Amino acid sequence: MTQDELKKAVGWAALKYVRPGTIVGVGTGSTAAHFIDALSSVRHQIDGAVSSSEASAAKLQSLGITLFDLNEVDSLDIYVDGADEINGSMQMIKGGGAALTREKIIAAVARKFICIADASKLVDVLGTFPLPVEVIPMARAWVARELVRLGGAPVYRQGVVTDNGNIILDVHNLAIMDAVALEEQINNIPGVVTVGLFARRGADVVLIGSEQGVKIIG
Ligand code: 5RP
């Protein structure tokens, strides 16, 4: 199977967590895009969706799924999204698609975070995938210096402006042994909007797509 076929398998497998009459939190990326396709097959049974990016919002709308602003919603049953890396403690690196801030907000609201990923995303130690950090543009150089002080090698993601009007620094050379502590440390740097470590609030259920089928963890 190709990597995209594995992503499709987990995207469709996540459908079983969608309850009728609810609003669904929807992530961003190629795996989440398969979930949106799956969600459109039950669009008449759900109230609608809250999106973590303009890109996913456009796809949801094009498939006839009603979009809600998060401010209109009191609670969310589930949030379904992919990951760039996930470890055995269900902690993740996210933000390869630059949508990390809205992803983290919706994940915080949702009762259950369902992570959908192909098996290549499973790691023992987070950090081989460069850690995305969304930063206020005027703080770029300062935040980069602080990230170097923490042992990382930040690289400015050229040409990318987030949906919130900010920039992304991708931090290389990190072997993340204490993800909760690093998430807090980076979040505390003035100018950082969000770090793409999802450790304090990790996933609750992980669907891993492999040649052997979809494995459910949690
Ligand atoms: C976007 C994300 C994505 O979930 C992550 O990049 C995985 O993407 P894909 O499903 O395309 O492999 O965090 O900001």
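For clarity, every value in this text was computed on a predicted model and none was experimentally measured.

Chemist: Tell me what's going on with the nonpolar core, and back it up with residues and numbers.
Modeler: Core analysis: the biggest nonpolar cluster contains 23 residues, and Leu131, Val133, Val143, Leu147, Ile176, Ile186 and Leu197 have the highest contact counts within it. Of all the elements in the fold, those that place two or more residues in this core are β7 (131-135), α5 (140-149), β9 (167-172), α6 (179-187) and β10 (192-195). Setting aside its immediate chain neighbours within four residues, leucine 197 contacts Met92, Ile93, Lys104, Leu126, Leu131, Ile176, Ala179, Leu182 and Glu183. The next biggest cluster of nonpolar side chains, apart from the first, holds 22 residues, and it includes Tyr17, Val26, Leu39 and Val205.

Chemist: Mind laying out the UniProt feature "active site" (unreviewed entry) in the protein chain, listing which residues take part and the relevant values?
Modeler: Those places that UniProt annotates as "active site" (unreviewed entry) correspond, in this numbering, to Glu103. With respect to the helices and strands, glutamate 103 occurs in helix α4 (residues 100-109). Those residues in contact with glutamate 103 that sit more than four places away from it in its chain are Thr28, Ser52, Tyr79, Asp81, Lys94, Gly95 and Phe198.

Chemist: Break down the site of the ligand for me, with residues and values.
Modeler: In the vicinity of the ligand lie 17 residues, with Ser30, Thr31, Asp84, Gly95 and Lys121 positioned nearest. A distance of 3.3 Å is found between an oxygen atom of the ligand and a backbone nitrogen or oxygen belonging to glycine 82. In the model, an oxygen atom of the ligand is placed 3.0 Å from a nitrogen or oxygen of the glutamate 103 side chain. Taken by itself the ligand offers 380 Å² of open surface, and the protein chains cover 91% of this. The class makeup of the residues in the shell around the ligand is three nonpolar, eight polar and six charged.

Reading the values: the criteria
Residues numbered from 1 in each chain as written. Predicted model: local features only at pLDDT ≥ 70, side-chain atom pairs only at ≥ 80, totals over all residues. Heavy atoms only, no water. Core = buried A, V, L, I, M, F, W, Y, C linked by side-chain atoms within 4.5 Å. Buried < 20%, exposed > 50% of the residue type's maximum accessible area, 1.4 Å probe, protein only. Helix = DSSP H or I, 4+ residues; strand = E, 2+ residues; numbered from the N terminus. Contact = heavy atoms within 4.5 Å. UniProt positions renumbered as here; feature names shortened; annotations may be inferred. Near = heavy atom within 4 Å. Polar contact = N/O pair within 3.5 Å; in protein donor to acceptor, adjacent residues only side chain to side chain. Areas by Shrake-Rupley, 256 points an atom, 1.4 Å probe, with all protein chains shown as cover. Nonpolar A, V, L, I, M, F, W, Y, C, P; charged D, E, K, R; others polar.

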